[in-house]
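Here is what each chain is made of, one letter per residue.
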Amino acid sequence: MEHSVLECLKTRRSVRSYSDKPVEQEKLDAILEAATYAPTGMGRQSPVIVLVQTPELVKKLSTMNAAVMGRNDIDPFYGAPVVTIVFGNKKGSPTWFEDACLVAGNLLNAAHAVGVDSCYIYRAKEVFSSEEGLTLLKDWGLDENYVGVANCILGYGTGETPVAPPRKPDYIRRV
């Protein structure tokens, strides 16, 4: 069965090397809008997405993320010019974590659909649980009920997009 959405879902890969070419505003708007259409528990739409494009703030977030790993010699955002952080509101819904994960998934797939490369980067919870992270939350108008779930970096890769390995044979169990 051929369908462009199915093909997009099968061909999206994580990209780990980015140019400094900015992502066009029209594409960012489309990606972010698509992310907001992810399913959420009881339709509460409790997640929040923070878009970061300022190079200094992207660098700061990368440094904070690397510090969680105990590393100061790497850029866990791989030079991507855009970082989106998906937050779950633990007071907003009993399914806050799952809702935020679905938003991140929509965001990554929407990026691929419009020709923008992406990668899901972990450690958002730890970064935004720190004193410095909590200060950023406050600056962004979010309270301590918001938990960092995903960093989704966006940009244009510098190399060839990786090819998906074959799926494991027992991935699906029919019972």
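Here, the structure is the one placed above.
Scope of this entry: the structure provided in the associated data block.

## Brief notes about the layout of surface pockets
Okay, step 1: The calculated volume of the largest pocket comes to roughly 180 Å³.
Okay, step 2: Residues of the lining of the largest pocket, tallied by class, amount to 5 nonpolar, 3 polar and 3 charged.

## A closer look at the sheet that holds strand β4 (residues 146–155)
Okay, step 1: In space, the 4 strands of this open sheet follow the order β1-β2-β4-β3, with antiparallel pairing throughout. In the strand order of this sheet, the two ends are held by β1 (48–52) and β3 (117–121), each with one partner. With direction set aside, neighbouring strand axes in the sheet form an average angle of 25 degrees.
Okay, step 2: As paired strands, β1 and strand β2 (residues 82–89) are joined by 5 bridges and run antiparallel to one another. Opposite valine 48, over in β2, you have phenylalanine 87 as the bridge partner.
Okay, step 3: Here helix α2 (residues 25–35) sits on the sheet in contact with β1, β2 and β4, set at roughly 165 degrees to β1.
Okay, step 4: Strand contacts of helix α4 (residues 96–113): β1, β2, β3 and β4, with the helix running at about 5 degrees to β4, the strand carrying the most contacts.

## Considerations on a negative patch on the surface
Okay, step 1: Together, Glu24, Glu26, Asp29 and Glu33 line one region of the surface with negative charge.
Okay, step 2: Assessed through its relative accessible area of 48%, glutamate 33 is described here as partly exposed.

## Section: the packing of aromatic side chains
Okay, step 1: Applying the stated rule across the entire model yields 5 aromatic pairs.
Okay, step 2: Consider the rings of phenylalanine 87 and phenylalanine 128, whose centres lie 5.0 Å apart with planes at 75 degrees: the pair is edge-to-face. Taken as a pair, phenylalanine 87 in strand β2 and phenylalanine 128 in the loop between α5 (124–127) and α6 (131–139) lie far apart in primary sequence, 41 residues in all.
Okay, step 3: Seen from their ring centres, phenylalanine 128 and tryptophan 140 are 5.7 Å apart, and the 50 degrees between their planes marks the pair as tilted. Taken together, the residues span a long stretch of sequence, with phenylalanine 128 in the loop between α5 and α6 and tryptophan 140 in the loop between α6 and β4 at a distance of 12 residues.
Okay, step 4: On the basis of relative accessibility, which here comes to 3%, the residue phenylalanine 128 falls in the buried class.
Okay, step 5: Residue class for tryptophan 140 comes out partly exposed when judged on its relative accessible area of 24%.
Okay, step 6: Each member of the aromatic cluster is reached from another via a ring pair, and the members are Phe87, Phe128 and Trp140.
Okay, step 7: The positively charged end of lysine 21 is found above the aromatic ring belonging to tyrosine 156, 4.3 Å away from the centroid.
Okay, step 8: Sitting over the ring of tyrosine 171, lysine 168 keeps its end group 5.1 Å from the ring centre.

## Digging into α4
Okay, step 1: Over its 18 residues, α4 extends 26 Å from the first C-alpha to the last, a length consistent with the 26 Å expected when each residue adds 1.5 Å.
Okay, step 2: Residues of α4 that are buried include every one of Asp99, Ala100, Val103, Ala104, Leu107, Leu108, Ala110 and Ala111, and no others.
Okay, step 3: Glycine 115, located one to two residues past α4, shows a positive phi value of around 85 degrees.

## Things to note about the environment of glutamate 144
Okay, step 1: Mapped onto the elements, glutamate 144 comes out in the loop between α6 and β4.
Okay, step 2: In this structure, the C-alpha to C-alpha distance between glutamate 144 and cysteine 119, residues 25 residues apart in sequence, is 26 Å.

## A few points about the side chain of asparagine 89
Okay, step 1: The topology assignment puts asparagine 89 in strand β2.
Okay, step 2: Separated by 2.9 Å, the side chain of asparagine 89 and the backbone nitrogen of lysine 91 make a polar contact.
Okay, step 3: Looking at asparagine 89, its side chain comes within polar contact range of the side chain of tyrosine 146, at 3.2 Å.
Okay, step 4: Other than its neighbours up to four places away in sequence, asparagine 89 contacts Ser46, Trp96, Asn145 and Tyr146.

Criteria and thresholds
- Residues numbered from 1 in each chain as written.
- Predicted model: local features only at pLDDT ≥ 70, side-chain atom pairs only at ≥ 80, totals over all residues.
- Heavy atoms only, no water.
- 1 Å grid on protein atoms, 1.4 Å probe; cavity = no way out; pocket = protein on both sides within 12 Å on 5 of 7 lines; lining within 4 Å.
- Points joined across faces, edges and corners; volume = space filled by probe spheres on them.
- Nonpolar A, V, L, I, M, F, W, Y, C, P; charged D, E, K, R; others polar.
- Pairing = 2+ DSSP bridges.
- Helix = DSSP H or I, 4+ residues; strand = E, 2+ residues; numbered from the N terminus.
- Axes fitted to C-alpha atoms, helices over the stretch in contact; angles between N-to-C directions.
- Contact = heavy atoms within 4.5 Å.
- Patch = residues over 30% accessible without salt bridge, like charges linked within 9 Å, V, L, I, M, F, W, Y side chains within 5 Å.
- Areas by Shrake-Rupley, 256 points an atom, 1.4 Å probe, with all protein chains shown as cover.
- Salt bridge = Lys/Arg side-chain N within 4 Å of Asp/Glu carboxyl O.
- Lys, Arg positive; Asp, Glu negative; His and termini not counted.
- Charge placed at Lys NZ, Arg CZ, Asp CG, Glu CD.
- Buried < 20%, exposed > 50% of the residue type's maximum accessible area, 1.4 Å probe, protein only.
- Phe/Tyr/Trp six-rings, centres within 6.5 Å; stacked < 30°, edge-to-face > 60°.
- Lys NZ or Arg CZ within 6 Å of the ring centre and 35° of its normal.
- Expected span 1.5 Å × (residues − 1).
- Polar contact = N/O pair within 3.5 Å; in protein donor to acceptor, adjacent residues only side chain to side chain.

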